Amino acid sequence: MSLKMPPPDQAVLARRSEIIAALERLVAADAVISESAALRPYESDALTAYRQPPMVVVLPETVQQVSAVLAWCDGQGVKVVPRGSGTSLSGGALPLADAVLLGMARFNRILDISYADRVAVVQPGVTNLAITQAVEEAGFYYAPDPSSQIACSIGGNVAENSGGVHCLKYGLTTHNVLGIELVLMDGEIMRLGGRQLDPAGLDLLGVVVGSEGLLGVVTEVTVRILPRPEGARAALIGFPSVESAGQCVADVIAAGIIPAGMEMMDKKAIHAAEAFVHVGYPLEVEALLIVEVDGAAAECDELIERIADIARSNRAITLRLSSNEQERLGFWAGRKAAFPAVGRIAPDYYCMDGTIPRRRLAQVLHRMEELAVRYGLGIANVFHAGDGNLHPLILYDANQPGQLERAEAFGRDILRLCVEVGGVLTGEHGVGVEKRDLMPEMFNATDLAHQQRLKCAFDPDLLLNPGKVFPTLHRCAELGRMHVHHGESRYPDLPRF
Amino acid sequence: MTTLAPTSTSELRDAIGGAVAAGAKLEIRAGGSKADIGAERAVTLLDLRGFCGVVDYDPAELVLTVKPGTPLTQIEALVTGENQSLAFEPWDHGPLFSRPPGVATIGGVIAAGVAGPDRLARGSARDHLLGFTAVSGRAEVFVAGGRVIKNVTGYDLPKLMAASWGRLAAMTELTLRVCPRPQATATMALEGLGASEAVAAMTRAMGSSAEVSAAAHLPAALRAGPALTLFRLPGFERSVVARCAKMAEWLRPHGALHRVPQTEADTLWGAVRQVAPLGPEGSIWRIHVPPSRAPTVVQVLEPLGAQWLFDWAGGLIWVRLQAHAEQIRATAAAAGGHATLVRAPRELRNAVPALHPRSRVVSALEARIRRAFDPAGVFETGRFLD
Ligand SMILES: Cc1cc2nc3c(=O)[nH]c(=O)nc-3n(C[C@H](O)[C@H](O)[C@H](O)COP(=O)(O)OP(=O)(O)OC[C@H]3O[C@@H](n4cnc5c(N)ncnc54)[C@H](O)[C@@H]3O)c2cc1C
């Protein structure tokens, strides 16, 4: 593992039993986990290549307990790593040897549902899917749907600004959250946003969403819920080349259609998925597109026909339109199982998450093939085609010496490529520890300093989830200094006030 | 008032750096359509109209990069030409202050978080700003966000920059998400409803699968005729027709829904968006509440003489009322929301902060964030009385 985390603070490690005893006074007796065997389940999130048992795990149940734990740790200079369900793919919830792991699993209640205001107020440990389940009887749902939705927590979704296959039309988490309760590292409890649209002052909620657990601990979330669309239809379209599939995607959008979902798979992914779930994916095609539209029956029927026409004009070689729910779900079954399916064709796979301008797709896929040859590793691609979010899956075998390191290096080159063509390092999985050291590919030192000063405004001692997102940790005092640029002042006579 | 009018990033850095060194206060301004919001202030104007033009527009990618001083009208014409739109419906505040129309710029509407009726379903300025380049109060150039629709790399500073009222940094380039323009749009209306009935009907509509993008209510007091509750349904022609038919059924308990002819509808939505029915005179407040609480707010304010209209299915209440600032703020807060003082005579604006006061902890955090971007307070003009 090539990752370097901040060196553990030996003075903190030496005080471990004292710290555990102090935490036991702040939360329920069964809410502090310190035995080494019991710590093991927490040693990684879903980026399992990186593991580190935490110093101790705390499982608070109330916002007062969260506040007390954070304030105590802040006062003692002890680091804290928040954790939801541990499904992060970027190592955002990776523990530190000298940090308290703050597990939010016990915040598992749905607090209020208002159909009049179309919101649900939930605790952060509630799973994404549980929100939809709580409101579906009334015909509503929570729109962002990460593939991990049965397990991932809404608190984790807020921290990662998670997306899903439907986010082209319905947005990411940030577009669907109206308010949160947040506890800062110093224990201050605050509410940002509410049940109304737009905050009164700075959009602090907007920056906390996607802040990867570095700014504060989320203890309550108010999400928007939407009425379920009346229906949905999907098209399953096979293309002779990646280029024609990519052009089809561009043409759909140019026709003014924003599909509910638009997913692409390359040949390797198609074959892996078909071998796994046997849903009748065409095997002779180079690229497969699933396009879903939702809404009123008239809307779905009209749009699916338009999409079919666009597909034909882009030389589609297979084209199926769903005529019932079973068929529609069948089209999705292979895509939804793509990750585990790829898991069957290689001992290990490493999932990447860059975004590119869509027009560069073919070029990027070809460059990835070249890289695959250079690194001697296989690659399969699934792709949120509508918004340019790539998920290349690098195939490797962790038991072969050197392969993990090669896979990591391959992944880094893919992300550099994404940035080079005008894209970004991560579309939905977050920077975490995984892409931390690549941040300079996208941002220079001044850009990063501006971001890190925001961190300083929330957590001046850098105790909350350190070692994530930022490649270098500058002390806040150092960042705060101002070296004003004077230049040749063209404006010598500014009035003073 | 001194005005600085830089035309390049290096001139902009000089201007900000010079102001910091001189201890001056800078107000970032372009068209000035919102200059009458907030308290009077003695400042040096930092005019960004020199940063004008389109940097990159790729309709197929749904992404547009522009300079902040570009007039909104120019951007609207550009995207309309490609059959696209800014889905958050930004609008020109000029006429609200009896200023000539057409001066609002894209930088200004983003920095003030301006959005129109479709914000209800399609997001606000903050949801459409994907990335930016700016010069902070440290006189340093920095970028944040990206030029693609989906991006979670680093903090989402574009969210913070939208609606920051020029208090953090001067943007020199903005990347926006654009959307396809709907093929057709129908407006359906109910007549004669009171505030509670209108909110009930709008709630019903928003809870249905009719995909209503905007819902507004104009009470009888603002009209020559009966009260009007409006629903906008965009989409492809066939789908719009089908959804309108369904809507009529769903809303039957609330009255007979009729379709408003297109030109009349455009005029009505334009009026709602620009708050025209509240007239050119008097103080205007913008109250954001959970929609279900809107009727209670107007029940309290009407006896004080308030004129009002609802947008965002009740989530936005525009109120015209001369005095009673404290009561307006208290009523908004009691309903779980907040109130912005948009238009008011000088004395009121100098006494009452434009933005609703935040809690102690939130204000303190906001202040720390402003100092992070602007340590010397060069953008602290006193406009917001904090
Ligand atoms: C099979 C699989 C499929 C996936 N599919 C998708 C997908 O389609 N789209 C997508 O976007 N992601 C996807 N993910 C990634 C992951 O599920 C999301 O990032 C998810 O939001 C993480 O939630 P979690 O509760 O597991 O958080 P964790 O992994 O526990 O933590 C993630 C981050 O959030 C922070 N955090 C957690 N809770 C809080 C809190 N209450 N307050 C403050 N910070 C907190 C942590 O410190 C950490 O930085 C997938 C993951 C897997 C394993």
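Keep in mind that what you see is a predicted model, and the values were worked out from it rather than measured. (Residues numbered from 1 in each chain as written. Chains lettered and ligands numbered in written order. Predicted model: local features only at pLDDT ≥ 70, side-chain atom pairs only at ≥ 80, totals over all residues. Heavy atoms only, no water.)

Caption draft 1: Structural detail: the domain arrangement of chain A. Its domain assignment divides chain A into domain 1 (10-103), domain 2 (113-227), domain 3 (231-339), domain 4 (346-432) and domain 5 (443-489). The distance between the C-alpha centroids of domain 1 of chain A and domain 3 of chain A comes to 44 Å. (Domains from an automatic or database assignment.)

Caption draft 2: The confidence of the model for chain B, seen in detail. Per-residue confidence for chain B gives a mean pLDDT of 97; residues scoring 70 or more make up 100%. What the predictor reports for the complex is a pTM of 0.97 with an ipTM of 0.97. (pLDDT = per-residue confidence, 0-100.)

Caption draft 3: Inspection of the state of the cysteines at higher detail. Residue and element names in this part refer to chain A. Applying the stated criterion to the full structure yields 1 disulfide over all chains. The side chain of Cys456 participates in a disulfide bridge whose partner is Cys476; the two sulfur atoms lie 2.1 Å from each other. Measuring the twist about the S-S bond at about -90°, one finds the Cys456-Cys476 disulfide to be left-handed. In this pair, Cys456 is assigned in helix H17 (residues 445-458) and Cys476 in helix H18 (residues 476-480), connecting sequence segments 20 residues apart. (Disulfide = S-S within 2.5 Å. Helix = DSSP H or I, 4+ residues; strand = E, 2+ residues; numbered from the N terminus.)

Caption draft 4: The arrangement of the pattern of salt bridges in detail. Under the counting rule described, the total for this entry stands at 53 salt bridges over all chains. The salt bridge involving Lys169 of chain A is made with Glu211 of chain B; its shortest N-O contact spans 3.7 Å. In this pair, Lys169 of chain A sits in helix H7 (residues 167-170) while Glu211 of chain B sits in the loop between helix H7 (195-206) and strand E12 (214-218), so the two residues belong to two different chains. For Glu211 of chain B, a relative accessible area of 30% puts it in the partly exposed group. Salt-bridge contacts for Glu188 of chain A lead to Arg360 of chain B; the nearest nitrogen and oxygen are separated by 3.5 Å. With Glu188 of chain A in the loop between strand E8 (177-183) and strand E9 (189-193) and Arg360 of chain B in helix H13 (residues 360-373), this pair bridges two chains. For Arg360 of chain B, a relative accessible area of 61% gives the class exposed. Because the salt bridges share partners, they merge into one network encompassing Arg167, Arg370, Arg371, Asp374, Glu380 and Asp386 of chain B. (Salt bridge = Lys/Arg side-chain N within 4 Å of Asp/Glu carboxyl O. Buried < 20%, exposed > 50% of the residue type's maximum accessible area, 1.4 Å probe, protein only.)

Caption draft 5: Representation of the site of the ligand. Residue and element names in this part refer to chain A. Around the ligand sit 33 residues in total, of which Pro82, Gly84, Thr87, Ser148 and Ser153 are the nearest. For the ligand, a nitrogen atom lies 2.9 Å from a polar atom in the backbone of Val218. For the shell around the ligand, the secondary-structure elements that each account for two or more residues are strand E3 (79-83), helix H6 (154-160) and strand E10 (217-224). Considering every element that reaches the shell around the ligand, the biggest residue donor is H6, with 5 residues. Per-class residue counts for the shell around the ligand are 11 nonpolar, 18 polar and 4 charged. Residues from two domains meet in the shell around the ligand; each of domain 1 (10-103) and domain 2 (113-227) gives at least three. (Near = heavy atom within 4 Å. Polar contact = N/O pair within 3.5 Å; in protein donor to acceptor, adjacent residues only side chain to side chain. Nonpolar A, V, L, I, M, F, W, Y, C, P; charged D, E, K, R; others polar.)

Caption draft 6: Layout of the pairing of strand E17 (residues 378-384) of chain A. All names here are of chain A. The element E17 is largely enclosed, with a buried count of 6 among its 7 residues. Alignment of strand E13 (residues 261-266) against E17, held across 3 bridges, turns out to be antiparallel. Bridged to Glu263 within E17 is His384. Direction of pairing for E17 relative to strand E18 (residues 389-396): antiparallel, over a ladder of 7 bridges. Across the sheet, residue Phe383 finds its bridge partner in E18, namely Leu390. Adjacent in sequence and paired antiparallel, E17 and E18 are bridged by 4 residues, among which Gly388 carries a positive phi angle near 75°. (Pairing = 2+ DSSP bridges.)

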